[in-house]
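Fold and geometry: a report
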Number of protein chains: 2
Amino acid sequence: MSAPDPNRLSLNTATTRKQWSLAEDIAGCARHGIKGIAPWRDQLQVMGVEAAAQAIRGNGLTVTGLCRGGMFPATDAAGRRGAIDENRRALEEAYRLQAQCLILVAGGLPAGSKDIAGARTQIREGIAAILPLARQAGIPLAIEPLHPMYAADRACINTLSQALDLCDVLDPRGEGGLGVAVDVYHVWWDPELERQIARAGKARLLAFHVCDWLVPTRDLLSDRGMMGDGVIDIPRIRAFLERAGYAGFHEVEIFSELDWWRRDADEVLETCKERHRRFC
Amino acid sequence: MSAPDPNRLSLNTATTRKQWSLAEDIAGCARHGIKGIAPWRDQLQVMGVEAAAQAIRGNGLTVTGLCRGGMFPATDAAGRRGAIDENRRALEEAYRLQAQCLILVAGGLPAGSKDIAGARTQIREGIAAILPLARQAGIPLAIEPLHPMYAADRACINTLSQALDLCDVLDPRGEGGLGVAVDVYHVWWDPELERQIARAGKARLLAFHVCDWLVPTRDLLSDRGMMGDGVIDIPRIRAFLERAGYAGFHEVEIFSELDWWRRDADEVLETCKERHRRFC
C-alpha cells in the first residue's frame, strides 16, 4: 500500500471544535496546507454561511462534507416534519458551500421508544422526502452508518450493508444523489467490510473518515484516537475503497474530550498531517 | 406475546458477583425459586468443582451454561496452544457440572496487533481444535457474538451472522455440538436479528441471555441495565427465538458497577424475577 496523497487530507472541524471557531479552522487549514474541510452546522451558523463560503473559496479549500443532516425519527408527525424541514435547510447550506455531500446521521430511537424497526422506517421515509431536493441541488446524501453502540441515541443505521440496502430501496435504478460515508471508527470491526465497500462502488462511496479505536475506550462518545494510536488497520480499509474506485478525500474526525481537544490546535493539525502520512 | 414461564429464569452469577460467592448464589437461587444458574470459572475454582456440582444438584438447579471458554487469539503458537488447553479444562468442568453448554467468548486482537482477519482465523482454528472433545463430552460450544464495541479486546465475533457462518464452516453437516448464545445486549441493534435467529434454528440456539441497554451508557464494560430499564424490546427477541423452536432458559446477566452490584443481592434476585415477568 503506497502512502496516501497529502493533498487528500481533510479536516473535519469536530477535531478542533473546543479550540477553534470555523473561521480559525479555515485559516488553520490554509496555513497548514490542508486542502479539505468539513464544517459542522452549529459553527456555520455562528460564522454565517456566506462568510464561511467566501473564506473557504478564498483559501481554495474543498468542502468534503457538511455535518450534518439526518436525525429523522421523532415521537410524532410534527417532529418528523420538523426534521425533514431541518434537512432541507442543511441542503441549502451545503449547496451554498458547494459541499461534496451532506452527511446523514440517521437518528436513534424517539424518546421512550423501543421500536427500532419503526425508527428505521422513519429514517427511510425521511431520506425519501429529501432526496429529490438533494438531487436538484446536486448535493448527494451520504448515509453514515454509525457504530452499533450508538443505535439507541444517535443512529440506528449501523452497518454498511444496512445503509446500502437503504440506497437500493430509495435509488433502485442507481440514479445517484445517494450513497454512504465510510468512517473507520464505525465500521472497522465489520466482518463484511471488504465485501460491502466493493458493493457500494465508486458511485456510492461519498466520503471516507479516519481516526482510530483506542484500547481501552474510556467513553462511548468522545474518546476517539488519533490515527496510529489504536487498533484500526486504516491502510487496509483505504485499499478496499480505492479498489472500489474511491479517489476522494480522507477526512480526519476525532472527538476527544480527554486528549486532542485539550491540545494546541496547530499541534493537532500538524499531528493529523504526520499521522495521515504514516498510518492512513 | 404471552408472559415468560418463571421456571425458565436463570441467574448468571456475574449479576451478583460483587456481593455473593458461588455457594451463596446457589443457595440464593434455591431460596428465590430460580431454577437455572450459570457460574463463572473463577468462582467455581474458589468453591471447588465437586462441591459446586453437589450443591447445584442438591438444589435441583439446571446449569444453563458455564462461563466461559474462548479467548483463542494470542501473539504466538505457545499462547494459542495454552488457550486451547484452557478450553479443554473448561469443558471438563462443564461436564462435571452437566452444563447445557460452554459459553465461548472468542477473544479479541492479540496485544499490539491490528490484524482482525488473522484473529478471526485463530478463533476458527481454536474452536475446531476443541470441538471433538466437546462432542465427546456432550457439552455443546455456544459461540456468543459480542457487541462490536468489544471487537478489539474481548471478542471479534460480533454478529450472529458471523457466528453462524463459523458454525457452518466447522460443522457443515450439522452434526451438532456447536451453536450460538444470543445475548440481547450484544445483538439488539442488529438489522439482521430476526433472520439470523431463524437461520440458527432450534439446534443451534443454545442459550438466551437477557439484560437491557441503558441510555446513556456510562461505561463500555459494566453499565448494563436491568430488564425494563433500557431500550431493548426483549419480548420481541424472545419471540424470534421461540418461533425458531427455542424452549430453553432466559439467563439474566448484568454487569453493573454503578447500580446492581451495589445493591443487596436478595433484592437483585427479587427484581430479576419481577422484571423477567414484566419485561421479558
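Residues numbered from 1 in each chain as written. Chains lettered and ligands numbered in written order. Predicted model: local features only at pLDDT ≥ 70, side-chain atom pairs only at ≥ 80, totals over all residues. Heavy atoms only, no water.

**Structural notes on the sheet that holds strand 5 (residues 102–105) of chain B**
All names here are of chain B. Spatially, the 9 strands line up as an open sheet ordered 3-2-1-9-8-7-6-5-4, and their pairing is parallel. At either end of the open sheet lies a strand with only one pairing partner, and these are strand 3 (62–63) and strand 4 (66–70). Two strands pair when backbone bridges link them, and strand 2 (residues 36–38) and strand 3 are joined in this way by 2 bridges, in the parallel orientation. Among the inter-strand pairings, glycine 36 is bridged to a residue of strand 3, identified as threonine 62. Sitting on the sheet, helix 8 (residues 193–204) is in contact with strand 7 (178–183) and strand 8 (205–210), with an inclination near 110 degrees to strand 8. With respect to the sheet, helix 10 (residues 265–279) is in contact with strand 1 (9–12) and strand 9 (250–252), its orientation differing from that of strand 1 by roughly 140 degrees. (Pairing = 2+ DSSP bridges. Helix = DSSP H or I, 4+ residues; strand = E, 2+ residues; numbered from the N terminus. Contact = heavy atoms within 4.5 Å. Axes fitted to C-alpha atoms, helices over the stretch in contact; angles between N-to-C directions.)

**Topic: the relation of the copies chain A and chain B**
Between chain A and chain B, which share one sequence, the superposing operator has a rotation angle of 180 degrees and an axial displacement of 0.0 Å; the RMSD is 0.0 Å. Both chain copies can therefore be described as sitting about a two-fold axis. With an isologous cut-off of 70% or more, the 100% of interface residues of chain A that recur at the interface of chain B puts this contact in the isologous class. (Least-squares fit on C-alpha atoms with pLDDT ≥ 70 in both.)

**Considering the pattern of salt bridges**
All told, the structure shown has 50 salt bridges over all chains when counted by the stated rule. The salt bridge involving A:Asp168 is made with A:Arg199; its shortest N-O contact spans 2.8 Å. Here A:Asp168 is found in helix 6 (residues 160–170), whereas its partner A:Arg199 is found in helix 8 (residues 193–204), with 31 residues between them in sequence. Given the relative accessible area of 34%, A:Arg199 is considered partly exposed. Linking B:Glu194 and B:Arg243 is a salt bridge whose minimum nitrogen-to-oxygen distance equals 3.2 Å. With B:Glu194 in helix 8 and B:Arg243 in helix 9 (residues 234–243), the pair connects residues that are 49 residues apart, well separated along the chain. Accessibility expressed as a relative area gives 41% for B:Glu194, which makes it partly exposed. For B:Arg243, a relative accessible area of 62% translates into the label exposed. (Salt bridge = Lys/Arg side-chain N within 4 Å of Asp/Glu carboxyl O. Buried < 20%, exposed > 50% of the residue type's maximum accessible area, 1.4 Å probe, protein only.)

**Describing the sheet that holds strand 8 (residues 205–210) of chain A**
Through backbone hydrogen bonds, the strands of a sheet pair up, either in parallel or in antiparallel fashion. All names here are of chain A. Taken together, 9 strands build an open sheet; the order of strands is 3-2-1-9-8-7-6-5-4 and the sheet is parallel. Only two strands of the sheet have a single partner each, and these edge strands are strand 3 (62–63) and strand 4 (66–70). Pairing between strand 4 and strand 5 (residues 102–105): 4 bridges, direction parallel. Within strand 5, the residue paired with glycine 70 across the bridge is valine 105. In the packing of helix 5 (residues 116–137) onto the sheet, contacts are made with strand 5, strand 6 (141–143) and strand 7 (178–183), and the angle to strand 6 comes to roughly 145 degrees.

**Thoughts on the environment of B:Asp25**
Residues and elements named next belong to chain B. Mapped onto the fold, aspartate 25 is located in helix 1 (residues 22–32). In this structure, the C-alpha to C-alpha distance between aspartate 25 and glutamine 100, residues 75 residues apart in sequence, is 18 Å. For aspartate 25, the side chain forms a polar contact with the side chain of threonine 16, separated by 2.6 Å. (Polar contact = N/O pair within 3.5 Å; in protein donor to acceptor, adjacent residues only side chain to side chain.)

**Section: the packing of helix 3 (residues 49–58) of chain B against helix 4 (residues 77–97) of chain B**
All names here are of chain B. Look at helix 3 against helix 4: their axes get within 9 Å of each other, and the N-to-C directions meet at 30 degrees. For the element pair helix 3 and helix 4, the recorded crossing hand is right-handed. Counted together, Val49, Glu50, Ala52, Ala53, Ile56 and Arg57 of helix 3 and Glu93, Arg96 and Leu97 of helix 4 form the full contact between these two elements. In terms of residue class, the contact of helix 3 with helix 4 is built from 5 nonpolar, no polar and 4 charged. (Left-handed = near helix turned anticlockwise from the far one by under 90°. Nonpolar A, V, L, I, M, F, W, Y, C, P; charged D, E, K, R; others polar.)

These values are about where atoms sit, not about what they do.
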